[in-house]
Amino acid sequence: MKITNICCIGAGYVGGPTMAIIAQKCPNIKVMVVDLNQERIALWNDADVTKIPIYEPGLSDVVAEARGRNLFFSTEVDRAIEDAQLIFISVNTPTKTYGLGKGMAADLKYIELCARQIARVATSDKIVVEKSTLPVRTAEVLKNILEHTGSGVKFQILSNPEFLAEGTAVQDLLQPDRVLIGGDTTPEGEKAIQALVDVYANWVPNDRILTTNVWSSELSKLTANAFLAQRVSSINAMSELCEKTGADVNEVARAIGMDSRIGSKFLKSSVGFGGSCFQKDILNLVYIAKSYGLNEVADYWEQVIIMNDHQKRRFANTIVQTLYNTVSDKKITFFGWAFKKDTNDTRESAAIYVADYLLNEQSKIAVYDPQVKESQIQKDLNYLETRSLEANKKGVTCFEDPYLACQEAHAIAVLTEWDAFKSLDWQRIYDSMKKPAFIFDGRNLLDEKKMRDIGFVYQAIGK
Ligand code: UDX
Ligand code: UDX
C-alpha cells in the first residue's frame, strides 16, 4: 500500500515536530495533525510562525515550509481519522495519579479514548501506529478495542516509538540513529510495516530502519530511556563521592568516557534529570517488573529514580547549608526552569523540586528562563500541592531580564544549561548582588575560574 494520507492525534512535543518533518520530507503525503486542545492548534496555525506552541531550534522554518502545502493542523479529529490511511497516536501517557498503580503505571485513558474514537469513525481499513511511549503489550489493548467494532473495517497495529530528544528534535528526526517499527509477523502485518518503512525511506537510510515484533519495539523504548537515565544517575552518584574526596566529576567523566565501551555521552553530572520520559518510563518498567513478581528487577531500576530524587534534594540542601543554614526571606535567583536547554518544556524539571524545597525554607525565588512563561512556572508549583496558589505566587517572581532577576539576590542557582547564561555580563550581576555573592551551578555550566576571579563564591556539582 502506498501511503498518501496521514493523520496524527496529539500535537505535542512528539507529534508536532515528527509530523512536521514527515511533511517536509514527503511532499506527496498529506499530513493532518489533530488535537483536542483548541488553543494549541490555533498556535500551530498562527500566521506568525514563531508563535508555534513548541520551542525547538529550527522547527518554525520546517513548519513555514510545509504548512498549508501538505501539513495541516486541526481540531476536527473525526474527519482526519476518516480520511487517513495511517494514524499515529501521539497523545500523552502521564503517570497515573489515582487508583491501582498510582504514581507508577502509565495512565492509558487517552490512548483508549483514541482507539474508541478510531473504532467509531473509521469506514475503511487503517494502519494505527503507537507513537507515544507505552507499557509493553499496550498494542493488545488497541487491538482488542479495534477488532470488536463489528464494522468489518480491518486494523493493523504498529509500534513506532519516537527517540527524539527535546531541544534537538529537528536534528534527531532528520538524522535518526535508528527508526524502530514493530508489527505483527503475519502477511498483513508485514505489509503494514512495509508501508511505514516506505514513508521513512524518503529520507532515512535503509540500514537505519529496524523492524521487529510489536512487543520488542515497545520494550526497546522503555529500555533505551532506562539505560540513558541510569547513566545520569550513575555519574550523579559519583558526583557526591567526588565532593567528599577531592576528585572532580568532570575529569572523572572525561576519563571514563574515553573508554569506547562506555562512551562519552550522557555522563554530564547535573542537579538531576527531568523531562517527560525518563522518570515515567522507568516507573513503568518498575511497575511491569513488579506485576510479574520480579522484585529484584523492579528494585534495581527504581534505584535510578531514588538516586535522582536524592540529587535534587542534595542540591537544595547544599544551598541552605552554605547560606549559613537559613534561606528565610533570602532572594535566590534561578537561572533556568526548563528541564534542559533549548526547550520550553518543564515537565519533571529539577527546578520545580529545588524551588519547592527552598520555598519550604521560606526563601524568595526569582526566576529567569529565556523560554518558559510565568504561568507555566506557577502551574508546575501548584501541581505539587505543597502550598496554596497565593503562597506560590508570593514566593516566586519571574523576570524577563536576567539582570533585574539578580538584583539584591543572595545567591544564583543555575538549573538549566542555556548557552546564553555563559555570555551574560557577570561583573554587572556580581555588583548588584548581596555579598558574599554565591553561585550554585547545578549544570557545571559556568567558567569556574572566571566566576571566582569576579568574586563569586562558586560551587558546582561534583567538585
Ligand atoms: C507524549 C508522551 O508524554 C510521551 O510518552 C510519548 O512518547 C509521546 O506523547 P508529548 O508529545 O511530549 O509526549 O506530550 P504532549 O506535549 O502532552 O502532547 C500530547 C497532546 O495530545 C496534547 O496536545 C493533548 O492535548 C493531546 N491529546 C491528548 C489529544 O488530542 N487527545 C487526547 O485524548 C489526549
Ligand atoms: C529522552 C531521550 O534522550 C529520548 O531518546 C527519548 O525519546 C525521550 O527521552 P529528553 O527527555 O528530551 O529525551 O531529554 P534528554 O536529552 O535525554 O535529557 C533528559 C534529562 O537528563 C534532562 O533533564 C537532561 O538535562 C539530563 N541529562 C542528560 C543530564 O543530566 N546529564 C546528561 O549527561 C544528559
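Treat the numbers as computed from the prediction; the structure is a model and nothing was measured.

**Observations regarding the pairing of strand β8 (residues 209-212)**
Thinking step 1. The pairing of strand β7 (residues 179-182) with β8 spans 4 bridges and is classified as parallel. When the bridges of β8 are listed, L180 appears paired with L210.
Thinking step 2. Crossover handedness for the path β7 to helix α8 (residues 187-200) to β8: right-handed.

**Looking at the pairing of strand β5 (residues 126-130)**
Thinking step 1. Burial of β5 is extensive: 5 of the 5 residues sit out of reach of the surface.
Thinking step 2. Of the two faces of β5, the one carrying K126, V128 and E130 and the one carrying I127 and V129 are both buried.
Thinking step 3. Where strand β4 (residues 86-89) meets β5, 4 bridges bridge the pair, whose relative direction is parallel. Each bridged residue has a counterpart across the sheet, and for I89 the counterpart in β5 is E130.
Thinking step 4. After leaving β4, the chain enters helix α5 (residues 109-121) and then returns to the sheet as β5, a path that is right-handed.
Thinking step 5. What joins β5 to strand β6 (residues 155-159) is helix α6 (residues 138-147), and the crossover it makes is right-handed.

**Side note on a nonpolar patch on the surface**
Thinking step 1. The grouping of Y292, L294 and V297 at the surface amounts to a nonpolar patch, some 310 Å² of accessible area in total.
Thinking step 2. Positionally, Y292 belongs in the loop between α11 (278-291) and α12 (295-322).

Rules used throughout
The numbering scheme is per chain: residues are counted from 1 as the chain's sequence reads. Key to labels: chains lettered from A, ligands numbered from 1, both in the order written. Where local features are concerned, this predicted model is filtered to residues with pLDDT of at least 70; where side-chain atom pairs are given and counted, the filter is 80 or more; whole-chain, interface and lining totals use all residues. Side-chain numbers come from the whole structure's heavy atoms, not from hydrogens or water. Strand pairing is defined by DSSP finding a minimum of two bridges between the two strands. Numbering of helices and strands runs from the N terminus; a helix is a DSSP stretch of H or I covering at least four residues, while a strand is a stretch of E covering at least two. Seen with the strands pointing away from the viewer, any crossover whose path from the first strand over the helix to the second strand runs clockwise is right-handed. The cut-offs for exposure are 20% and 50% of the maximum accessible area for each residue type, with area from a 1.4 Å probe on protein chains only; residues under the lower value are buried, those over the upper are exposed, and the others partly exposed. Surface patches are drawn from residues lacking salt bridges whose relative accessible area is over 30%; two like charges belong together within 9 Å, two nonpolar side chains (Val, Leu, Ile, Met, Phe, Trp, Tyr) within 5 Å. Per-residue and other accessible areas were derived by the Shrake-Rupley procedure at a 1.4 Å probe size, with only the shown protein chains allowed to occlude residues. Every case where a carboxyl oxygen of Asp or Glu lies within 4 Å of a side-chain nitrogen of Lys or Arg is listed as a salt bridge.

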